Amino acid sequence: QPANPSSRAAAAASAKQSLTYPEGFRVLHVEDDAILRRTMELRVFKKLNAPFEVAVDGEQAVRKIADEGQQYSVVLMDNQMPTCTGAEATRRLRALGFQGLVIGMTGDPAGCPDRDEFEASGINACIDKDAQGVKAVTALLRDFAISTVGGDNGSDAP
C-alpha cells in the first residue's frame, strides 16, 4: 500500500532536519527574476535546510561581498541581469580576491556569445536553468552538508 501524503511529508521533514552545514556556510543566490528566486528557495534551499541570502543583480552581489564584507561559501549566479551581469559581477568578485565557489546558472544555450563570456568570467561551473540544473545545484549543496541524523552524506566526517 502506498504511503499516505502525511507520511511522505513527515519523511521529507525528517530529511530536511538531517542536513546541517559547516559553521559559516552560506549561499548567495543572485537572480533578478522573483519567480526563479522563490522556486530555488522552495525547491533547493529550504528543502536542504541550506542557509542562503539573495541579491537581485550582480551589483548587489558585489556590494554584499566587497562593501559589506559578507562571507559566502557558494555564489549561485544568474548571468542576464539588469545593472550588472553575472559575468561582470564574477570578474569583479575575482578581481577583489573572492575565492569561493561561483556556479553560473543561465538559460543561454551552449555556444552563445553571452554564455561563452559567462563561462570565461571566472565561474567554477555553468549549469542550465532547467530541471537538470536544479538537480545539479541540489546535489552540490547536499555535498557540502553534514549528515546529523542517521544516514550518511558520503563523507567520512564524524
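Below is a short write-up of the structure. Quick caveat: nothing in here was measured; it's all calculated off a predicted structure.

**Re the side chain of Asp 57**
Looking at the element boundaries, Asp 57 is found in the loop between β3 (52–55) and α3 (58–67). There is no salt bridge for the buried Asp 57, and the closest opposite charge comes from Arg 63, which lies 5.5 Å off by N-O distance. In contact with Asp 57, other than residues within four places in its own chain, are Val 30, Met 81, Pro 82, Thr 83 and Cys 84.

**Digging into empty space enclosed by the protein**
Over the atoms, a rolling probe the size of a water molecule traces out where space has been left empty. Using the criterion set out here, one finds 1 cavity of 30 Å³ or more in the structure. As a volume, the largest cavity reaches approximately 30 Å³. Lining the largest cavity, in full, are Val 27, Val 74, Leu 76, Ile 103, Val 137, Leu 140 and Leu 141. Elements represented by at least two residues in the lining of the largest cavity include exactly β4 (74–78) and α6 (131–144). Broken down by element, the lining of the largest cavity gets its largest block of residues, 3 residues, from α6.

**A closer look at the packing of helix α2 (residues 34–48) against α6**
Taken N-terminus to C-terminus, the directions of α2 and α6 make an angle of 20°; their axes are 10 Å apart at the nearest point. Judged by the inter-axis angle, α2 sits roughly parallel to α6. Crossing angle aside, the handedness with which α2 passes α6 is right-handed. On α6, the residues touching Met 40, Arg 43, Val 44, Phe 45 and Leu 48 of α2 are Val 134, Val 137, Thr 138, Leu 141 and Arg 142.

**Regarding the nonpolar core**
With 19 residues, the main nonpolar core has Leu 28, Val 30, Ile 65, Val 75 and Met 77 as its most contacted residues. Listed by contribution, the elements that provide at least two residues to this core are β2 (27–30), α3, β4 and α4 (86–95). Ranked by size, the runner-up nonpolar core spans 18 residues in total, among them Tyr 21, Ala 50, Leu 76 and Met 105.

**As for the side chain of Asn 79**
Relative to the helices and strands, Asn 79 is located in the loop between β4 and α4. Taking relative accessible area as the criterion, Asn 79 reaches 4% and is therefore assigned buried. At 3.0 Å, the side chain of Asn 79 and the backbone nitrogen of Ala 87 are in polar contact. Once residues within four sequence positions are removed from consideration, Asn 79 is found in contact with Thr 85, Gly 86, Ala 87, Met 105, Thr 106, Asp 108, Asp 114 and Phe 118.

**A few points about the pattern of salt bridges**
All chains considered together, the criterion is met by 11 salt bridges. Two residues, Glu 59 and Arg 92, come together in a salt bridge whose shortest N-O distance is 3.0 Å. Taken together, the residues span a long stretch of sequence, with Glu 59 in helix α3 and Arg 92 in helix α4 at a distance of 33 residues. For Glu 59, a relative accessible area of 24% gives the class partly exposed. You can call Arg 92 partly exposed: its relative accessible area is 27%.

**Some details on the packing of α3 against α4**
At a minimum axis distance of 8 Å, the contact between α3 and α4 shows a crossing angle of 15°. Here α4 runs roughly parallel to α3, going by the angle between their axes. The interaxial crossing formed by α3 with α4 has right-handed handedness. The residues of α4 that touch α3, namely those facing Gly 58, Glu 59, Val 62 and Ile 65, are Ala 89, Arg 92 and Leu 93.

**What about the sheet that holds strand β5 (residues 101–106)?**
The 5 strands are arranged β3-β2-β4-β5-β6 in an open sheet whose pairing can be described as parallel. Among the strands making up the open sheet, the edge pair consists of β3 and β6 (125–128). Taking the axes of each pair of neighbouring strands and ignoring which way they run, one obtains an average angle of 20° across the sheet. Against the sheet, α2 makes contact with β2, β3, β4 and β5, and its axis sits at roughly 150° relative to β2, the strand it touches most. Packing against the sheet, α3 makes contact with β2, β3 and β4, and its axis sits at approximately 130° to β3.

What counts as what
- Residue numbers restart at each chain and count upward from 1, following the sequence in its written direction.
- The model is predicted, so local features are restricted to residues of pLDDT at least 70 and side-chain atom pairs to those at 80 or more, both for listing and for counting; the totals for chains, interfaces and linings are taken over all residues.
- Side-chain descriptors were evaluated using all non-hydrogen atoms of the structure, hydrogens and water having been removed beforehand.
- To qualify as a helix, a DSSP run of H or I must reach at least 4 residues; to qualify as a strand, a run of E must reach at least 2; elements of each kind are numbered from the N terminus.
- Throughout this description, buried means an accessible area under 20% of the type-specific maximum (1.4 Å probe, protein chains only), exposed means over 50%, and partly exposed covers the range between.
- Charged-residue counts in this description rest on Lys and Arg as positive and Asp and Glu as negative, His and the chain ends being excluded.
- Salt bridge criterion: a side-chain nitrogen from Lys or Arg within 4 Å of a carboxyl oxygen from Asp or Glu.
- Pairs of residues are marked as contacts when any of their non-hydrogen atoms sit within 4.5 Å.
- Cavity means a closed set of points on a 1 Å grid over the protein atoms alone, one where a 1.4 Å probe fits but cannot get out, pocket means an open set with protein on both sides within 12 Å along at least 5 of 7 lines, and lining means a residue has an atom within 4 Å of a point.
- Grid points are joined across faces, edges and corners, and a volume is the space filled by probe spheres set on the points.
- Angles run from 0 to 180 degrees between N-to-C directions of axes, and those axes are lines fitted to C-alpha atoms, restricted for helices to the stretch in contact.
- Angle categories are assigned with fixed cut-offs, so that under 35 degrees is roughly parallel, over 145 is roughly antiparallel, 65 to 115 is roughly perpendicular, and the rest are oblique.
- Throughout, a crossing is termed right-handed when the near helix is turned clockwise from the far one, and left-handed when it is turned anticlockwise from it by less than a right angle.
- The definition of a nonpolar core used throughout is a set of buried Ala, Val, Leu, Ile, Met, Phe, Trp, Tyr and Cys residues joined through side-chain atoms within 4.5 Å.
- In the analysis that follows, any N or O atom pair within 3.5 Å is treated as a polar contact, provided that within protein one partner can donate a hydrogen and the other can accept it, and provided that, for residues neighboring in sequence, both atoms belong to side chains.
- Paired strands, as defined in this entry, are two strands with at least two bridges between them according to DSSP.

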